[in-house]
Each structure stands twice: as C-alpha cells, then as structure tokens.
Amino acid sequence: MDILIYGTVNSVTFVLIAVGFTLVYGVSRLPNFAHGALYVLVGFLTWSFVNDLGINYPLAIILSLILSASLGAVIYRLVLIRLRGMPTSEIIASFAVSLIILEGLRLQGIGGFKGFIGPFYVLPAFIEGKARISGVLVDYQRLIVIGGGLAVVALLWLFTHHTRIGLSLRAIAQDEQAAMMLGIDSDRAAVVALSIGSALAGLAAVIILPLGNVTAEAGYRVLIHALAVCIIGGLGSWAGAVLASFVLGFAMIVSTALFGAVWESVVLVGAIIIILILKPSGLLGKQKELEERV
Amino acid sequence: MRTESLYALSSWREMAYLLMPRLVLILGLLLLPLVLSMYWQRVLCSAGIYALLALGFDFLAQYVGLVSLGGAFFIGAGGYISGALNAYLGWPPVLTIPIATITGALMSTLVLLPCLRLRGIYFAIVSFMFPLLAVYIIVALNVFRGTEGISALATFPNIWVDQYLILGAVIVSLFAMRRLVNEDIGLILRGIRDNDQAVRASGIDITSYRTKAVFIASLMGCFGGAYLSHLYGWLGISLFSMDFSILPIAAAVLGGMGTLVGPVLGAFILTPMSEALRGFGQLRVVLYCLILIGFIVYKPEGLMNYLQRKYHQFEHWEEV
Amino acid sequence: MSEEIILRVRNVRKAFGGLQAIHGVSFDLAKGEILGVIGPNGSGKTTLVNIVTGFVKPDSGEVFFKDKKISGLQAHKIADLGVTRTFQIMRPYHSLSAFKNLIVPLNSPRVRRTRGGRLGDRDAVAIDILEEIGFERDAYVPYKMASSLPLGYLKRLELARCIALRPEVIICDEIFSGLSMAEIATMIPVVEKLQMEGITIMMIEHRLRELFRLANRVIVMNFGEKLAEGTPEEVMGDHKVKEAYLGTEAA
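Since the model is a prediction, treat every value here as computed from it, not as a measurement. (Residues numbered from 1 in each chain as written. Chains lettered and ligands numbered in written order. Predicted model: local features only at pLDDT ≥ 70, side-chain atom pairs only at ≥ 80, totals over all residues. Heavy atoms only, no water.)

*Asks:* For this particular structure, what's the right way to read the overall build of chain A?
*Replies:* Secondary structure assignment for chain A yields 11 helices and two strands. Along the chain direction, N to C, the helices and strands of chain A fall in the order α-α-α-α-β-β-α-α-α-α-α-α-α. Dimensions of chain A, computed from C-alpha atoms along their principal axes, come out at roughly 55 × 50 × 35 Å. The buried share of chain A, taken over its 294 residues, is 54%. Pairs at least 24 apart in sequence give 70% of the contacts found in chain A among residues at least 6 apart. Split by element, the accessible area of chain A, about 12400 Å² in all, is 67% carbon and sulfur. Positive and negative charge centroids in chain A, built from 17 and 15 side chains respectively, lie 4 Å apart. (Helix = DSSP H or I, 4+ residues; strand = E, 2+ residues; numbered from the N terminus. Buried < 20%, exposed > 50% of the residue type's maximum accessible area, 1.4 Å probe, protein only. Contact = heavy atoms within 4.5 Å. Areas by Shrake-Rupley, 256 points an atom, 1.4 Å probe, with all protein chains shown as cover. Lys, Arg positive; Asp, Glu negative; His and termini not counted. Charge placed at Lys NZ, Arg CZ, Asp CG, Glu CD.)

As structure tokens, then:
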C-alpha cells in the first residue's frame, strides 16, 4: 500500500517537473535546458524573500513565480529570439543560460553575494503534520503534491482547450506554419510559452521542495528527470509525459523497495536506453523520428 | 566570391601564403613549453585537453550536425578506464592510454548509438544526461571507490613528456580532422548535415556514418581523459565535471565554429583565463557562458572566421 | 522500350492524421519508359513518390521493384537497389561546391559495387557528369559553391545527383518548376538521353506541354486517387481529367 502512495507521489512529482518543459518544447520546439535552473532559482528566491526580507510565505511564493515567469520571457527576448531557426545555436544558448543560473547561485563573495551552498535551505511545508491513509502515515505535504499536480494538469488542460491564448499555443504546437498563416505570432507565442513554462517550473519547485531541502545541484537532477520523462513519453506529447511520469515514478519506487535506493539511477538510465532502442519516438510520441521527415 | 579551384602552386609566394598560418600555429604551440613557467606549463596541459574536446565538438556540430553537450562523458570514460587498468592491473600508461582511448570511444559510441537514428535534439539531450547519470551511478553503486576516487596512479616521467604528449595529440588531431573533412567520408558527413534526406536518396546509410563520426570524436575526448588520469595520477567523479562539457563549447563558439582551428585556439585562450579566475569559484563557468552567449548572439562567426576574412582581404590588397 | 514491368505499385493507401492522402493507387512502370504524373496541387503526387522511394511507409498496399517487394524497406536501401528521386524543395549540400555534391552519391555502396575505381577518379567523373548536364567547365561553374548557384543550375544539380548513382529508375519531382523556357529546353535533351541509356523515368510535373514532349504515358492524380491513365492524347481527351483541372462547366 505504501508503494502505491509513494509511487503516486513520486509520479506526480515527475509530472509537475516535466509539464513546463513539455509545454515549451511542444509550442516552440525549444529545449529549455534552463528549466531545472528556474526550478532551483524559485526555491532560493522564495527562501530569500521569507528569510532575508521577511515577506510572508504565500506572498513570497507569488513573487517568485512572477519573477520566474518574467525571467523566462526575458531569456527568450534577449537571447533565444535571435537564434530561432538555428537549432544548434538554440541548444547551446539554452544550455549556457542554464549553467549561468545554476553555477551563479553558487557564487561566493562577489559584491557581498553569499552563494547558496550547503544543505541548509529549507522551505516549510504548507501544512505540517501527517495523515493516516489505509494504515500508512503520509505527510500532508505529500498529499498536497498529489493534489497540486492534479490541479496543475487540470488547469493546463482547461487553459489550452478553452482560452484564446491556450488555443493559439496548441495551434502553433500542431502546425507552426498554418498557425502563422492564421495570424498567430509565433514569437509572442514562444514568449508566452516560455513564461508559463518557467512559472510551472517554479510552481513545481514550491510544491515539491518543502519535502526536502533546496540545493543548486538539484537543478541538474530536476532537468534530467524532466528530460527523461519527455524522452520516454515522447517529446512534445502531454499524455506521453503523464504516462511516462507514472511509469518512471512507480518503477523507481518499486526498485527502491526491492533492491534499495541505490538502483534508482540505474533504473532511470535503463528506461531511457530501452525506449530509445525499442520505440524512439516515445511511448505516445506522435513526432516522427529521422525517417519520415520529408 | 571564392571558388574552390585547385591552386596552381606556381609561385613560392602562393605557397608561403598558404603555409604560413599553419607553420606559425605549429611552431608557436611547440615552442610555448620552453618559455612558460612551471605553473603555466600545467595550464598548457589542461588547455590541450580542452582543445581536443573543442575539436571534437566542432567536428560533430558543424560537420555532422550533432550537438554534443556532454564532452565530460568522454573524459570520464577515458580517464576511468585507463586509471582502472593502471590501479587494478598495474599496466603502465603507455598501454593504458591507447587501450582506454579505443575502449572508451567504443563504449561512448555504443551508449550514444540509439540516438543516432533520431533527430539531432535527442543526441543533445542524451549527451547532456550521460555524464551526470554516470556520476549518479558511480556514487550510488560505490564502484571505483565512489566519491573518493583512486589516487596514486602512474604519472609521466617529467613535465616535458606531459606537455609534448598533449600538444602532439592536439596537432595531429587537428591536421587529421582537416584532412578528414575534405576526404570523401568528410564530404558525406557534411552532406548529411546539409541535407540528410538527399544522402539517403543516394543510397547511403546515414546512421552508420554518424556512428563513425561519433567514434572519431570520442577517440579524441577519451584520449584526453586517459591522458588526464595519468597527468595527475588520480581519477574520480570530477572527471565527469560540467567544466569539460561547457568550456569546449564556449571555446568553439569564441574561436569560430566550423573552422576546426578556431575551437583549438579558443581553448588555448579560455583555459588560461579560467585559471586566472580560479580563486573566484564558480565565476569561471558563469563567465564562459556569458562569453559564449555574447558571441553566439552578436558575433556568431567567431574569431577564426573573422581573422580568415581579414587575412584574405589583406592578400588581395597586396596584389593590387 | 520493352514491356517488362520494372516497378509495380499495388493498392497503396496513406493517411496523415485525419487526412487520407492516397486512396488505394495502383499502377505499373514499364522498363525504359517515361511516365508522367500530373494532377492538381494536393492530389498526392509527392506522397506517392515518398511512398515508392521509402521515405514514408504506406498504411497498406505494396510496391515491387523488379518483382522484389520494397515497400517497408528503408529509403537508403531502396536507393541502393536502384530507385532514386529528386526533391521538390531544393536543398543542395550548400557547404560544398557543385562537383563535390556529386562525390556523395559517387561514394555510395551502389556505385562502389558497380564502378569500383580508384579514389582519384571520382572528382573527374563528377565534373564530367556536370559538364554533360550543362555546367560549363571553362567558366569554372562546377567548382562554385552550391549555395551560390542560381535555380536553373540547382535543378540540374539535383538531376545530376541522381545520375551519379547510376540508377535504374529516376523519379523526378517537379524538376521543371521555376525554370525559364530556355532552361527547360536544355534539360529536355538530358532526360531523353537518360531514356536512351535505358533508365526508366517517372516525372511529376505541372508543366504539361514540356512533359508531354517527353512522356510515353501519363497518370492523372486527383484527391489521392488515380483518375486516368494512358498516352498524353488519351488522357487530355478524358472528360474526367478536364473536369478535375477546369471544373465541370468547361468539360
């Protein structure tokens, strides 16, 4: 039973992390390597707002989310927009931005900026305490993760199916040229997508980080998980990302229960390699691989 | 507009014009160890390793169309294999380095193989993930002494061997790659990069060519790793550090992607700079990335292309 | 021109998402003939080419080359057997010079098998092929960078790329589009010469007058179906074809 609960929590964690990346990639074919960096950035920003500036928790969260969304838009406008159409440069630049943020957070002694080093940064849980579900003791925060994840997915679904902006994003995701002919500006859509994607990264951070502590290294781990989910589920496929999250989430929990926590990484690598060999476009991938792109 | 016609090497002047830059480069590199202090000689060795990685990156990115974000994986593979052979079997560097270079390259190519049938983005993503995943696995399973690493490996007899070995490798690799991209196999790779569908319509299996290209690039990287483990006599998870992935890319962008020489020069520029900033911790990485972004957005041609243009303009000047 | 059938397409279907692009098309290609394929835009002509040459897998149906089933094989294997094609959207190897563009097919396993030859030969062969197709050697045209060539030369380069492979079947996807009358006039003899050398050619075209000078038979496609088949005269007399092109009133 506890495998079921922890498996679900783990899976929903993956969903939360991957959803922002999938959005950006689906809409503008940009692999946002800075996704993990934004996740961690929001964690640290929130911590700073609460601890250094004394702002109350919910307000701090909202501020950080706004900041991260703006940062996403800025990254696009300043850097990526000039590189559209040159996939090599887009990838390199996105990667570089990610490193600037992640390594920048570890800087020490530049103009009085004390870097964020060490496992000392903790975000408090929304509700302290535990609940008993079917005989298993579960933190409320973990339940919030599940609830939050479902809410995010539901809201996103509503957004992309029932609002003008959301629909235009879906249009661009399906066929960029056709959407442009209908008057949808692909650069503006990309800015929107990147803002929302960054905000989603931040949202994932504030929901999940209270379960542990905030470190800069987590940025790489989060990015790897997001990438793994997208590869396994199919780059650009929502349903695929959700499915892959659950497959991966449960696989890792089960392997931990059976063989110990150390084998988690092996499971991850194995899953990626297996998918690439057997069904490279991912479990539910609609995008064609090399072959059918004429 | 330059045509690719065959030069009639009728005059000494023409030959000098073509050979001069290359001679300057080779001699310059070979003479450097004699004028540098010991500290900077060590830096030169590092620069050489980064130069090999940058060369591999440029080759894969501009001549094959694959963006490799995980140069660290080659270093780690080469380093761990050669170090392990030395530590557990006692083999000397003169054996471990060649074996590690080839085995490491085979291993790297093998794990990257599944992505080679797919669009370039997969290669970028997977190559990014592998060095980090390798570290997770080594730490989790605590193989090769996990985070501690293995020390007291055999090192090279003296600092001259250190330097000339790597400089030699860089020069040989550079000229080999320049030959390669103009040989038939290089032309096919460039064709694949420009228009892979047309290459398939000519009956050529692109996956197999990409595989060969990745193998060649990883040979250079794995040699660098194998060399590194015997340079300091130590191996550990820092062989997979992000530095080895990002600095070659910054060096390539700065130096001029596509020129093969540019990235090598870029490495020899950025590495000393990075050393000078060692006291500032992670500032180095932030700085390379800023430089990289600056160049890629504002001056994408990079130094080498810029210099080449000026040099050719200069030549025309003279004739008039 | 013999009656031997070199390419057989049987009941091929293909849908993209909700759109049925090809509705069960069948036809035969006789060895040594020039078959034209015409039809309004969107009728599925290029998809047909993609299916025959292996760039797209059909949902159902089969393609046979010399009685060997090729549907389902990868594109490069089909090209290796001797069926090659041009691309409607021109993309030469732009970082290479014109003659070096041909070195790629000259290095394919197929050419290595059939020609052998030392490495040095290939440059000369490439330049010869280009010269025959109209690249003036004296003006150093073959040595120019492919990206700097005007459209007329690029179209011919595309054809040269196919010729260099020494194929048995060449499928041309609109090689006359965008060319002036004079340029087409220089290409027509090239195509005729290819037929005389025994190569079977299938041509997708919009330029009907020029196509009818060359084609022995013509197929008309419309909305993913084969509308008519026959000699150019038969086909243009067919009222269904006139309807498709001109609308019902004029028929």
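So much for the structure itself; the text now carries on.
*Asks:* Please explain the nonpolar core as it appears in this structure.
*Replies:* Across soluble globular proteins, nonpolar side chains have a tendency to be buried as a group. Counting residues in hydrophobic clusters, the biggest one holds 262 residues, and the most contacted among them are Phe-59 and Phe-128 of chain B together with Leu-159 and Met-203 of chain C. Considering every element that reaches this core, the biggest residue donor is helix α2 (residues 38-64) of chain B, with 16 residues. When sequence neighbours within four positions are dropped, the list of residues in contact with Leu-159 of chain C reads Thr-86, Ile-133, Ile-170, Cys-172, Ile-175, Met-187, Val-190 and Val-191 of chain C. Judged by nonpolar contacts, the second largest core, of 27 residues, contains Ala-21, Phe-65, Ile-171 and Ile-219 of chain C. (Core = buried A, V, L, I, M, F, W, Y, C linked by side-chain atoms within 4.5 Å.)

*Asks:* Could you clarify how one ought to interpret the interface of chain C and chain B in this entry?
*Replies:* A common way to report how large an interface is uses the accessible area buried once the components associate. Between chain C and chain B, the residue contacts involve 30 residues of the former and 22 residues of the latter. Across the interface of chain C and chain B, roughly 2500 Å² is buried in total on both sides, 59% from carbon and sulfur atoms. With its nearest N and O atoms 3.5 Å apart, the salt bridge here joins Arg-122 of chain C to Asp-184 of chain B. At the junction of chain C and chain B, the tally comes to eight residue pairs in polar contact (both at pLDDT 80 or more). Every element with two or more residues in the side of chain C that touches chain B is listed here: α2 (75-81), β6 (83-85) and α3 (98-106) of chain C. Along the lines of polarity and charge, the residues of the side of chain C that touches chain B split into 15 nonpolar, eight polar and seven charged. (Buried area = accessible area lost by both parts, 1.4 Å probe. Salt bridge = Lys/Arg side-chain N within 4 Å of Asp/Glu carboxyl O. Polar contact = N/O pair within 3.5 Å; in protein donor to acceptor, adjacent residues only side chain to side chain. Nonpolar A, V, L, I, M, F, W, Y, C, P; charged D, E, K, R; others polar.)

*Asks:* Sorry if this is basic, but what is going on with the pairing of strand β7 (residues 169-173) of chain C here?
*Replies:* Residues in a regular strand point their side chains to alternate faces of the sheet. All names here are of chain C. For β7, the tally of buried residues reaches five of five residues, placing the bulk of the element in the interior. Neither face of β7 is left uncovered, since the one carrying Val-169, Ile-171 and Asp-173 and the one carrying Ile-170 and Cys-172 both have all their residues buried. Where β6 meets β7, three bridges bridge the pair, whose relative direction is parallel. Looking at the pairing, Val-83 lines up with Val-169 of β7. Bridge analysis of β7 against strand β8 (residues 200-204) gives five bridges, and the strand direction is parallel. Opposite Ile-170, over in β8, you have Ile-201 as the bridge partner. Note that the unit made of β7, helix α7 (residues 181-196) and β8 has a crossover that is right-handed. (Pairing = 2+ DSSP bridges. Right-handed = clockwise from strand over helix to strand, strands pointing away.)

*Asks:* Sorry, what's going on with the packing of α3 of chain C against helix α5 (residues 121-132) of chain C here?
*Replies:* Residue and element names in this part refer to chain C. The contact between α3 and α5 brings their axes to 9 Å, and the two run at 115°. Of the possible angle classes, the one that applies to α3 and α5 is roughly perpendicular. In terms of crossing hand, the pair formed by α3 and α5 is right-handed. For the pair α3 and α5, the contacting residues are Ala-98, Phe-99, Leu-102, Ile-103 and Leu-106 in the first and Arg-122, Asp-123, Val-125, Ala-126, Ile-127, Ile-129 and Leu-130 in the second. When the residues that make up the contact of α3 with α5 are grouped by side-chain class, the tally is 10 nonpolar, no polar and two charged. (Axes fitted to C-alpha atoms, helices over the stretch in contact; angles between N-to-C directions. Parallel < 35°, antiparallel > 145°, perpendicular 65-115°, else oblique. Left-handed = near helix turned anticlockwise from the far one by under 90°.)

*Asks:* Whenever I open this one, the sheet that holds strand β1 (residues 5-16) of chain C confuses me. Can you help?
*Replies:* Strand pairing in a sheet relies on backbone hydrogen bonds, with the paired strands running either antiparallel or parallel. Residues and elements named next belong to chain C. Ordered in space as β2-β1-β4-β5, the four strands form an open sheet in which the pairing is antiparallel. This sheet does not close on itself; its edge strands, each paired only once, are β2 (19-30) and β5 (68-69). Relative to strand β4 (residues 60-65), β1 runs antiparallel, the two being bridged by five bridges. Considered in β4, the bridge of Arg-13 is made with Ser-60.

*Asks:* Any chance you could explain the interface of chain A and chain B here in plain terms?
*Replies:* Chain A puts 48 residues into the contact, and the matching count from chain B is 45 residues. Taken over both partners, the interface formed by chain A and chain B buries close to 4400 Å², and the fraction arising from carbon and sulfur atoms is 79%. On inspection of chain A and its partner chain B, the count reaches zero salt bridges. Where chain A touches chain B, the interface holds two residue pairs in polar contact (both at pLDDT 80 or more). Going through the elements one at a time, α4 (87-104), α9 (218-233) and α11 (264-278) of chain A are the ones with two or more residues in the side of chain A that touches chain B. Residue contributions to the side of chain A that touches chain B peak at 12 residues, all from α4 of chain A.

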